[in-house]
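# Architecture at a glance
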Amino acid sequence: MRRRWDAGITTIAVLHREITALGYAGSEPTTYAWLALLKLAAPPKPPAPPTKRQVTSWMLTDPARLDAGQQEQLAAILGRCPELQDLAGHITAFAKILTRRPGGRLDDWLAAAGGCPALQPFANGIRRDYQAVRNALTLDWNSGRVEGRNTRTKLLERQMYGRASFPLLRKRILLTS
């Protein structure tokens, strides 16, 4: 049984059938109890490598907010791939531009990100709507309240399953304002 276990056969029912065919008269629970000891003695499985989603979230998170293990894993991953390390640097720089809002650094970032193939479509999109992005990074005005009202109106429409008329929708909006 030990040889079969070491060979990778870990299904108890299969192992029990094999040893029963060889003349073993014991029960399956006894076989299970013996194999449970082998499971306890087995070396622990190595941790699974991080998923793409985990690595992406680590790259988008401020390094000060990552714990030591996450920082080590991210550093090891970025150390294996210079292109990914370059991409992570551009992402971190853009995140700082978004959070600290220094609109003047946007031009520098666009010039630097132009050399990164993974960011070229994103940078081109910013260039197409450059003035709006620059205004969002420099002006204090935003359209958050308007977007919130639009979202709430759409929620009310969905709650009525499209069966209500405009006067009822209007009344619900006005009564909840």
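Read on for a plain summary of the structure. It should be emphasised that the depicted structure is a prediction, and the values quoted were computed from it without experimental measurement.

Considering all chains together, one arrives at one salt bridge under this definition. As a salt-bridge pair, Arg4 and Glu18 come within 2.8 Å of each other at their nearest N and O atoms. A residue pair is termed long-range when its members are at least 10 positions apart, and Arg4 in helix α1 (residues 2-6) and Glu18 in helix α2 (residues 12-21) qualify at 14 residues. Judged by its relative accessible area of 27%, Glu18 is partly exposed.

This part takes up the environment of Ala75. Take Ala75: it is sitting in helix α5 (residues 68-80). With a relative accessible area of 49%, Ala75 lands in the partly exposed category. For the pair formed by Ala75 and Gln85, sequence separation is ten residues and the distance between their alpha carbons is 8.8 Å.

Taken together, Trp34, Leu37 and Leu40 make up a surface patch of nonpolar side chains, about 360 Å² in accessible area. By secondary structure assignment, the location of Leu40 is in helix α3 (residues 28-41). Judged by its relative accessible area of 72%, Leu40 falls in the exposed class.

Its place among the elements puts Thr31 in helix α3. Among all residues touching Thr31, those that are not within four sequence positions of it are Met1, Ile12, His16, Ile19 and Tyr24.

The next thing to look at is the environment of Gly115. By the secondary structure assignment, Gly115 is in the loop between α7 (106-113) and α8 (120-128). The class of Gly115 is exposed, set by a relative accessible area of 61%. Measuring from C-alpha to C-alpha, the distance between Gly115 and Leu87 comes to 10.0 Å, with 28 residues separating the pair along the chain.

A few words now on the nonpolar core. Of all hydrophobic cores here, the largest spans 21 residues; its most connected members are Met59, Leu74 and Trp109. The set of elements that each furnish at least two residues to this core consists of α4 (52-60), α5, α6 (82-100), α7 and α8. With five residues, the top contributor of residues to this core is α6. The residues touching Leu74, leaving out its near neighbours within four places in the chain, are Val55, Trp58, Met59 and Leu66. Counting five residues, the second largest nonpolar core, distinct from the first, contains Trp5, Ile12, Leu15 and Leu38.

Conventions used here
- Residues numbered from 1 in each chain as written.
- Predicted model: local features only at pLDDT ≥ 70, side-chain atom pairs only at ≥ 80, totals over all residues.
- Heavy atoms only, no water.
- Salt bridge = Lys/Arg side-chain N within 4 Å of Asp/Glu carboxyl O.
- Helix = DSSP H or I, 4+ residues; strand = E, 2+ residues; numbered from the N terminus.
- Buried < 20%, exposed > 50% of the residue type's maximum accessible area, 1.4 Å probe, protein only.
- Patch = residues over 30% accessible without salt bridge, like charges linked within 9 Å, V, L, I, M, F, W, Y side chains within 5 Å.
- Areas by Shrake-Rupley, 256 points an atom, 1.4 Å probe, with all protein chains shown as cover.
- Contact = heavy atoms within 4.5 Å.
- Core = buried A, V, L, I, M, F, W, Y, C linked by side-chain atoms within 4.5 Å.

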